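Residues per chain, in single letters:
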Protein chains: 4
Amino acid sequence: MSSMYLSALKLSIFGQSHGPCVGAVLDGLPAGEAVDLDALHAFLRRRAPGQSELTSARKEEDLPQLLSGLSQGVTCGAPLAIVLPNADAQPGDYDSLRDAPRPGHADFTAHVKFKGFEDAAGGGHFSGRLTAALCAAGGICLQILARRGIAVGAHLLRVGEVADVPFDPVCLTRETLLAPGNSAFPALDGQAAECMRQTIRAAKQAQDSVGAEVECAALGVPAGLGDPLFDGMENRIARIAYAIPGVKGVEFGGGFALSRMRGSEANDPFLCQDGAVRTRTNRAGGILGGITTGMPLLYRAAVKPTPTIGHPQQSVCLRTGEPVTLCAHGRHDPCIALRAVPCFEAALALALLDAMLERCSTPLGGIVHEP
Amino acid sequence: MSSMYLSALKLSIFGQSHGPCVGAVLDGLPAGEAVDLDALHAFLRRRAPGQSELTSARKEEDLPQLLSGLSQGVTCGAPLAIVLPNADAQPGDYDSLRDAPRPGHADFTAHVKFKGFEDAAGGGHFSGRLTAALCAAGGICLQILARRGIAVGAHLLRVGEVADVPFDPVCLTRETLLAPGNSAFPALDGQAAECMRQTIRAAKQAQDSVGAEVECAALGVPAGLGDPLFDGMENRIARIAYAIPGVKGVEFGGGFALSRMRGSEANDPFLCQDGAVRTRTNRAGGILGGITTGMPLLYRAAVKPTPTIGHPQQSVCLRTGEPVTLCAHGRHDPCIALRAVPCFEAALALALLDAMLERCSTPLGGIVHEP
Amino acid sequence: MSSMYLSALKLSIFGQSHGPCVGAVLDGLPAGEAVDLDALHAFLRRRAPGQSELTSARKEEDLPQLLSGLSQGVTCGAPLAIVLPNADAQPGDYDSLRDAPRPGHADFTAHVKFKGFEDAAGGGHFSGRLTAALCAAGGICLQILARRGIAVGAHLLRVGEVADVPFDPVCLTRETLLAPGNSAFPALDGQAAECMRQTIRAAKQAQDSVGAEVECAALGVPAGLGDPLFDGMENRIARIAYAIPGVKGVEFGGGFALSRMRGSEANDPFLCQDGAVRTRTNRAGGILGGITTGMPLLYRAAVKPTPTIGHPQQSVCLRTGEPVTLCAHGRHDPCIALRAVPCFEAALALALLDAMLERCSTPLGGIVHEP
Amino acid sequence: MSSMYLSALKLSIFGQSHGPCVGAVLDGLPAGEAVDLDALHAFLRRRAPGQSELTSARKEEDLPQLLSGLSQGVTCGAPLAIVLPNADAQPGDYDSLRDAPRPGHADFTAHVKFKGFEDAAGGGHFSGRLTAALCAAGGICLQILARRGIAVGAHLLRVGEVADVPFDPVCLTRETLLAPGNSAFPALDGQAAECMRQTIRAAKQAQDSVGAEVECAALGVPAGLGDPLFDGMENRIARIAYAIPGVKGVEFGGGFALSRMRGSEANDPFLCQDGAVRTRTNRAGGILGGITTGMPLLYRAAVKPTPTIGHPQQSVCLRTGEPVTLCAHGRHDPCIALRAVPCFEAALALALLDAMLERCSTPLGGIVHEP
């Protein structure tokens, strides 16, 4: 198995939900990049639990500890190792689940794959807790991208049937892009935010959970990032986004809606604006042939409802095969997507910085002029 | 850049639309596997052009030539190299496009990335023609999987607004799964097929193209394949599926619909059937925590309309920045999804065989008992 | 840059000589493997400094801390993260070196590569200190291999001109193989050990250092591990061995001596013994065509003298270009090879377990018989 | 198994000794690089057989056929696929070997690994014939490096006990470096060349073969290429060099001799020359901490004698275990090292270009200034 994303940027994620910590090793960053730990902590707080009645009661400060990779406050070229302690682990909550897998969760498949040796507490390595490590790595990438004029943001596009206003694929501004991250609830429209809150509250009261859709975008992306075939931007982003537990669908630009259109509607006409080639519409979501066009990059992800719910559910005993009725007790979120919003920003930041680090023809040019 | 999918199975795809050939190197296959070249050719014929008025007029036999990897008709452990000659290349058709990129196509981004050195003829390495190589590699995987009781099939779930009946995520039979591949048009319902034909024909007559949605599934998949985080089955499949030109969305099981549900609806209850753990519903599409459950594996992909259309479109001259009106002349498909159907089977077969080859704990066990 | 060894087994090494710690993430281990932390600590003690007047005065207990990967004392399939705190860091010792690179050390090249942002203290990420992380990962592999009847050992074959008795490539016993690791000084012959001690002491007294050659071997290796071309056992072992600072040569079996022989001498005749195919001699060092033969696996590495010495040396100021005379003050080993001996065992253990995990044809066979 | 070298540059090698061809896919080259096919052919002729009584009688023109990757004579960013037909295959020569493995060859280990399904003819995928594909890929890298002022050359440093004059690690000139490649026999000293010829001829007359040592160097290498730990230049070069059949030892700079020195001898003093930092001696072979110093890069490889010899040898029947006496009949070289010389140049060129393509901090800088 591999919990690594390996490209020009190499990310290794480790930890279990109720082990001593979760963490990440990020290898391949350029040297000389400042890392603002306060800003990183603030970013991690956006996904940290225990902050409202809409999220899990688990209390995690998620203060990032850097074990390596910095010298005098900037990256020194060595791998960056970050650890986030698990302060509020309660493995005991899950003892009853060892034999009865939670429907919709990885308990059963982890049991089959790891032959009963898996760490069952809270999903172990399969827990959403691991996304804290993803955000720690992605948060550092966000800082490096920001210094290069690239902004990344995301919001809850829909919770259940309650929809927020979507990002404008052509005229999206930095203010709009970054607003949800700076507000108490990650939505653009205040009224939608309030309805989403109610939807989540209602699900929680019903011992249930609710799914949601997240929209994520980047501005200031240079044209020419990504590759044909297996390393296109869609491939890279999807590969990371599907590492976020509960994601069951990912689409770019017009996405599935494009499959209902004709070419004359779906194609984005080219035009020249201030000396740069742009497109009038942006149904491609800023990606053509796997490579960035320079237009805003947009993708959406479908996040299923939290599988762990208090509501009684049918399961089986893995030892005896007998039917079991489960009522989960562990602390959990009524809507994981709420806390997952920054995770999608992290995923996009990782994919973008990775693709920037791979623009391999440049250094060769550079080397010609070397003494 | 990398046109390689690298895991336990290593696939390298090469070629350009109007070069001498397209091809693939497939490394990591077990030794001793028979390769039925006639069956492979038959599979390739399903995506080959020039077979009806609904597809491109380009005539390609796509007879696979094996350059290496076989000894006495079975894999010998050496990499398999397959070449498909480009018999009907007409690079001249594209001379006019060198400076005016086709909207919705990779012409512009390839130009930026490769600094004007790209092969512009028919999209060069970005052409749908490259999927012939993907199918050649995937077709061999399909044969190896079939010998192990794993069947893979796909159909056009929707063309524009015309929908076929979906695969049943729980009761899908091999007959139903393989039917579309064996019929003249890849749909389950005859009437839907006829309407789809009309929709495609209408788009063609309007010098236009139309998008579609493809559904792909596998039966007989053992539980326990895949990994958490970056190498889950969703990650692997999406990474390959997005290598198929025109794919802008991929979803698994309930996909985006799950984001509208509550956990009590979305979770699949477990039950024990004939001594095996199964789920009553299959909204997970046979994947939990990135790992196969043993239930039918299902995914869907959104394919945008063919970007190349005769209908006049706005573009710009990349030299002067002047506006240009384009009316494409090159041969092209009014609905690329039609020929792409087997490509999604190939993508799933590659991802499945790859994951099977990675079940690395098994050999260690084996080695204990070695003399 | 990459500080990762990536194959079936994925190892990511992080840390700097005078940072808070060094560590490793080991991903891809099978689930259900017990990890004996006391045995691992004992193994790490073999390379730890501060244990005699022949090694650096730096005091490091190197007690391994496992951050993840275990559940109830056995591997749970999740990545294993290990940290070794730097208890006795003294970065101040190296302030004077920021501008004047030590001859023979990575100071200069690190400065060029990382543009002055490198962590210069004690070589930072280039320090031999990083081999503690390599040994932590390799030490766990050694335990897994031992359970499968594979023993790995190493000794100082030569220090300067003082030679130990070499391992017998055909009749090597486990007792002999493991003896150096269990004795106070890693050599087979007591008298050689004493002369080596004197040679190292003499170098130290002269404010100098001395090079050495290490021989490493494995017994019980099954035939059939490794691959042709780039992933042969020689390639894998050399790739890891050259990660040990100071290694400037690696040879297998007869090594360079084979280049002086004729084929009739160099080839190892085959014979059948107790139903197994073996070779009468073992000049191949247990590897043919990159794949193990089942005979003892042998390799040797040349370790240069510690570059950091008290003896005055010529350097230049990287700011002004002015000549500088250096007399190192930092604590260092008069013979790094002495403490590097277990590192070569770790390197071999990693390469062997990795190759065992890749015997990918086995699981496919297994899957045929699956329900 | 993997026959791929995967880094920034991705090389996939395929083919069998007596199959239709051998070939390579080279992915990751920058776009816009001219490829001189005549120069490439001339380079391949240096390792082609059938050119003198000192080499195998097999006649191969080795005219490279490019299947993809070029547009108007320059690289277009798409993968480069090269094929070299096997014109003079005679698989029949090896039928007798199916059951009796040649001592010193990969026959036995290939049989174990691939369970009897291996292509036994002439070693199949394990044949030295595969190095033609390595040279085709490396030859293209040599052209790209040459345009950037980097020259690579190699010579036979020793055949049996006959030694050539070594390259001067400090004062090596381009004329000297490239001379062996341009002369009929790859040695610097004419008299040495003549004695080497006699040594090879004598071995051949005795139905035997002889080993040799090859020295390879590069001039004009910029400082700062390579990485610490697993991707140092030594690691990269060794990983490729060990892919050349028969290589059993690789050393850099002073190599094994350094293990006999003291630090005060082994360290290369720094000095400033014409504004550049250089070293007075070059025992490091142009590599410190895995990273290039800018001094000449030097490495040497030990090549064992050709295992296939007419001289009778002991083997066993893999079916019955009975002893067998082998007298090889297939065409083979009395000294494989003679034709392998350009392979070591190809290996170094691949490793250097790969490391240059990975200098990932440069493009990020570049992107800051992007509109």
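Residues numbered from 1 in each chain as written. Chains lettered and ligands numbered in written order. Predicted model: local features only at pLDDT ≥ 70, side-chain atom pairs only at ≥ 80, totals over all residues. Heavy atoms only, no water.

Q: It is not clear to me how the interface of chain D and chain C should be interpreted in this structure. Could you clarify?
A: Interface size is often expressed as the accessible area that is lost when the parts come together. Listed per partner, the contact involves 97 residues of chain D and 96 residues of chain C. Across the interface of chain D and chain C, roughly 7,800 Å² is buried in total on both sides, 63% from carbon and sulfur atoms. It is Phe 230, Lys 248 and Phe 270 of chain D that lose the most area in chain D upon contact with chain C, and together they represent 11% of the buried surface on that side. For the pair chain D and chain C, the number of links is eight salt bridges. Note that Lys 248 of chain C is salt-bridged to Glu 234 of chain D, the shortest N-O span being 2.9 Å. In this structure, the connection of chain D to chain C is made through 43 residue pairs in polar contact (both at pLDDT 80 or more). Among the elements that take part in the side of chain D that touches chain C, strand S11 (residues 247–252) of chain D stands out by supplying six residues, more than any other. (Contact = heavy atoms within 4.5 Å. Buried area = accessible area lost by both parts, 1.4 Å probe. Salt bridge = Lys/Arg side-chain N within 4 Å of Asp/Glu carboxyl O. Polar contact = N/O pair within 3.5 Å; in protein donor to acceptor, adjacent residues only side chain to side chain. Helix = DSSP H or I, 4+ residues; strand = E, 2+ residues; numbered from the N terminus.)

Q: Please explain the sheet that holds strand S16 (residues 297–303) of chain D as it appears in this structure.
A: The strand order S9(C)-S8(C)-S10(C)-S16(C)-S11(C)-S11(D)-S16(D)-S10(D)-S8(D)-S9(D) describes an open sheet built from 10 strands, whose pairing is antiparallel. The sheet is open, and its two edges are formed by strand S9 (162–163) of chain C together with strand S9 (162–163) of chain D, each paired on a single side. Alignment of strand S10 (residues 212–219) of chain D against S16 of chain D, held across seven bridges, turns out to be antiparallel. Each bridged residue has a counterpart across the sheet, and for Ala 212 of chain D the counterpart in S16 of chain D is Val 303 of chain D. (Pairing = 2+ DSSP bridges.)

Q: How should I be thinking about the pairing of strand S12 (residues 270–273) of chain A in this particular structure?
A: Residues in a regular strand point their side chains to alternate faces of the sheet. Residue and element names in this part refer to chain A. Bridge analysis of S12 against strand S13 (residues 276–279) gives four bridges, and the strand direction is antiparallel. Across the sheet, residue Gln 273 finds its bridge partner in S13, namely Ala 276. In sequence, S12 turns back onto S13 through a hairpin of two residues, with Asp 274 there showing a positive phi of about 50 degrees.

Q: Any chance you could explain the relation of the copies chain D and chain C here in plain terms?
A: Mapping between the two chain copies consists of a rotation about an axis together with a translation along that axis. Each copy superposes on the other: chain D lies on chain C with an RMSD of 0.0 Å after a rotation of 180 degrees and an axial shift of 0.0 Å. Such a combination of rotation and displacement between the chain copies is what one expects of a two-fold axis. A shared interface surface links the copies, since 99% of the contact residues of chain D are contact residues in chain C too. (Least-squares fit on C-alpha atoms with pLDDT ≥ 70 in both.)

Q: Help me out: how do you make sense of the relation of the copies chain B and chain A in this one?
A: In the superposition of chain B on chain A (RMSD 0.0 Å, axial shift 0.0 Å), the rotation amounts to 180 degrees. By residue overlap, the copies meet face to face through one surface: 99% of the interface positions of chain B are interface positions in chain A.

Q: Explain the interface of chain B and chain A here, please?
A: Contacts between the two partners involve 97 residues from chain B and, on the opposite side, 96 residues from chain A. For the pair chain B and chain A, the summed buried surface comes to about 7,800 Å²; carbon and sulfur atoms form 63% of the total. It is Phe 230, Lys 248 and Phe 270 of chain B that lose the most area in chain B upon contact with chain A, and together they represent 11% of the buried surface on that side. The interface formed by chain B and chain A includes 43 residue pairs in polar contact (both at pLDDT 80 or more). Tallied by class, residues from the side of chain B that touches chain A come to 50 nonpolar, 28 polar and 19 charged. Across three bridges, the pairing between strand S11 (residues 247–252) of chain A and strand S11 (residues 247–252) of chain B is antiparallel. Residue pairing for S11 of chain B: Glu 251 of chain A is matched across the bridge by Gly 249 of chain B. (Nonpolar A, V, L, I, M, F, W, Y, C, P; charged D, E, K, R; others polar.)

Q: For this particular structure, what's the right way to read the packing of helix H6 (residues 233–241) of chain D against helix H8 (residues 336–357) of chain D?
A: In helix packing, the relevant descriptors are the interaxial angle and the interaxial distance, both defined with respect to the helix axes. Residues and elements named next belong to chain D. Packing of H6 against H8 leaves a shortest axis separation of 9 Å and a crossing angle of 140 degrees. Relative to H8, H6 is oriented oblique. You can see that H6 and H8 cross each other, and the crossing is right-handed. Note on element contacts: H8 touches H6 through Phe 344, Ala 347, Leu 348, Leu 350, Ala 351, Leu 352, Asp 354 and Ala 355, opposite Met 233, Arg 236, Ile 237, Ile 240 and Ala 241. Residue classes in the contact of H6 with H8 are distributed as 11 nonpolar, no polar and two charged. (Axes fitted to C-alpha atoms, helices over the stretch in contact; angles between N-to-C directions. Parallel < 35°, antiparallel > 145°, perpendicular 65-115°, else oblique. Left-handed = near helix turned anticlockwise from the far one by under 90°.)

Q: Just to check I follow, could you spell out the sheet that holds strand S2 (residues 10–15) of chain D for this structure?
A: Each strand in a sheet pairs with another by means of backbone hydrogen bonds, the pair being arranged parallel or else antiparallel. Residues and elements named next belong to chain D. Pairing in this open sheet of five strands is antiparallel, and the strands run S1-S2-S3-S7-S4 from one edge to the other. Unpaired on one side and paired on the other, strand S1 (4–6) and strand S4 (65–68) mark the two borders of the sheet. Strand-to-strand twist in this sheet, taken as the mean axis angle between neighbours without regard to direction, amounts to 15 degrees. Where S1 lies against S2, three bridges are found, and the strand directions are antiparallel.

Q: So what exactly am I meant to see when it comes to the environment of Asp 268 of chain C here?
A: Note on placement: Asp 268 of chain C falls in the loop between helix H7 (263–266) and strand S12 (270–273). On a C-alpha basis, the gap between Asp 268 of chain C and Ala 238 of chain C in space is 22 Å, while along the polypeptide they are 30 residues apart. Once you skip the residues sitting within four places of it in the chain, Asp 268 of chain C turns out to touch Thr 279, Thr 281, Asn 282, Arg 283 and Ala 284 of chain C together with Pro 103 and Gly 104 of chain D. Of the polar contacts made by the side chain of Asp 268 of chain C, one reaches the side chain of Thr 281 of chain C; its length is 2.6 Å. Reaching out from Asp 268 of chain C, the side chain makes a polar contact with the backbone nitrogen of Arg 283 of chain C at a distance of 2.7 Å.

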